[in-house]
Amino acid sequence: MHQEMKLQSSYLKKYRDEIGKNKMEQKKNYVYMVECRDGSLYTGWTNHLEERITAHNLGKGAKYTKGRRPVRLVYFECFDTKEEALRREYAIKQLPRREKLLLISS
């Protein structure tokens, strides 16, 4: 469990660093993966990553994650446009689980 918290913390730190670099730039769009309590993976997109993870954990995110809380952030990518993020979200959702796990570990 402690190692899981470190992983989530490292992704949140990476996200906060990204936000800090881009404060003066246009809003960013994120594709993210969370691991649910049951070990399943959920992929989504947002333009407010921390708020979205919090929403998932409050049961106000996706229907899929509502009954699988808590979730933890395990991966994200940043894009300039919503369209790019949505295309990437779709591509990730098409991957088999083993490829998603490889992406997370990279």
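Just above sits the structure.
The rules behind these values
- Residues numbered from 1 in each chain as written.
- Predicted model: local features only at pLDDT ≥ 70, side-chain atom pairs only at ≥ 80, totals over all residues.
- Heavy atoms only, no water.
- Helix = DSSP H or I, 4+ residues; strand = E, 2+ residues; numbered from the N terminus.
- Contact = heavy atoms within 4.5 Å.
- Areas by Shrake-Rupley, 256 points an atom, 1.4 Å probe, with all protein chains shown as cover.
- Pairing = 2+ DSSP bridges.
- Axes fitted to C-alpha atoms, helices over the stretch in contact; angles between N-to-C directions.
- Buried < 20%, exposed > 50% of the residue type's maximum accessible area, 1.4 Å probe, protein only.
- Polar contact = N/O pair within 3.5 Å; in protein donor to acceptor, adjacent residues only side chain to side chain.
- Core = buried A, V, L, I, M, F, W, Y, C linked by side-chain atoms within 4.5 Å.

Asks: Sorry, what's going on with the overall build of the chain here?
Replies: A count of helices and strands for the chain gives five helices and three strands. Reading the chain from its N terminus to its C terminus gives the helix and strand order α-β-β-α-α-β-α-α. When contacts within the chain are restricted to residue pairs at least 6 apart in sequence, those whose partners lie at least 24 apart make up 58%. Approximately 6800 Å² of the chain is accessible, and the part contributed by carbon and sulfur atoms is 52%.

Asks: Please clarify how the sheet that holds strand β2 (residues 41-46) should be interpreted in this entry.
Replies: The strands making up a sheet are joined through hydrogen bonds of the backbone, oriented either antiparallel or parallel. Judged by pairing direction, the sheet is antiparallel, and its three strands sit side by side in the order β2-β1-β3 without closing on themselves. Two strands close off the open sheet at either side, each with one partner strand: β2 and β3 (72-79). For this sheet the average axis-to-axis angle between neighbouring strands, irrespective of direction, equals 20 degrees. Pairing of strand β1 (residues 29-35) with β3, which is carried by seven bridges, proceeds in the antiparallel orientation. Across the sheet, residue Met 33 finds its bridge partner in β3, namely Tyr 75. Contacting β1, β2 and β3, helix α2 (residues 49-57) runs over the sheet at an angle of about 35 degrees to β1.

Asks: So what exactly am I meant to see when it comes to the side chain of Ser 40 here?
Replies: Within the secondary structure, Ser 40 is located in the loop between β1 and β2. When its relative accessible area of 14% is taken as the criterion, Ser 40 is described as buried. Only 2.6 Å separates the side chain of Ser 40 from the side chain of Asp 38, close enough to count as a polar contact.

Asks: Please explain the pairing of β1 as it appears in this structure.
Replies: Two faces belong to every sheet, and in a regular strand the side chains alternate between them. Most of β1 is tucked away: six of the seven residues are buried. By the bridge criterion, six bridges tie β1 to β2 in an arrangement that is antiparallel. Residue pairing in the sheet places Val 31 in a bridge with Trp 45 of β2. Turn length for the β1-β2 hairpin, with the two strands adjacent in sequence and antiparallel, is five residues, and the turn residue Gly 39 shows positive phi of about 90 degrees.

Asks: Sorry if this is basic, but what is going on with the nonpolar core here?
Replies: Taken as a class, soluble globular proteins show a tendency for nonpolar side chains to be buried jointly. Counting residues in each nonpolar core, the largest one holds 11 residues, listed as Tyr 30, Tyr 32, Val 34, Cys 36, Tyr 42, Leu 49, Ile 53, Ala 62, Val 71, Leu 73 and Phe 76. For this core, the elements supplying multiple residues, two or more each, are β1, α2 and β3.

Asks: Explain unusual backbone geometry to me, please; I cannot follow it from the model alone.
Replies: Leaving glycine aside, a negative phi is the common case for residues, and trans is the common case for peptide bonds. Arg 69 connects to Pro 70 through a cis peptide bond whose omega is 0 degrees. The residue Pro 70 is located in the loop between α3 (63-66) and β3 in this model.

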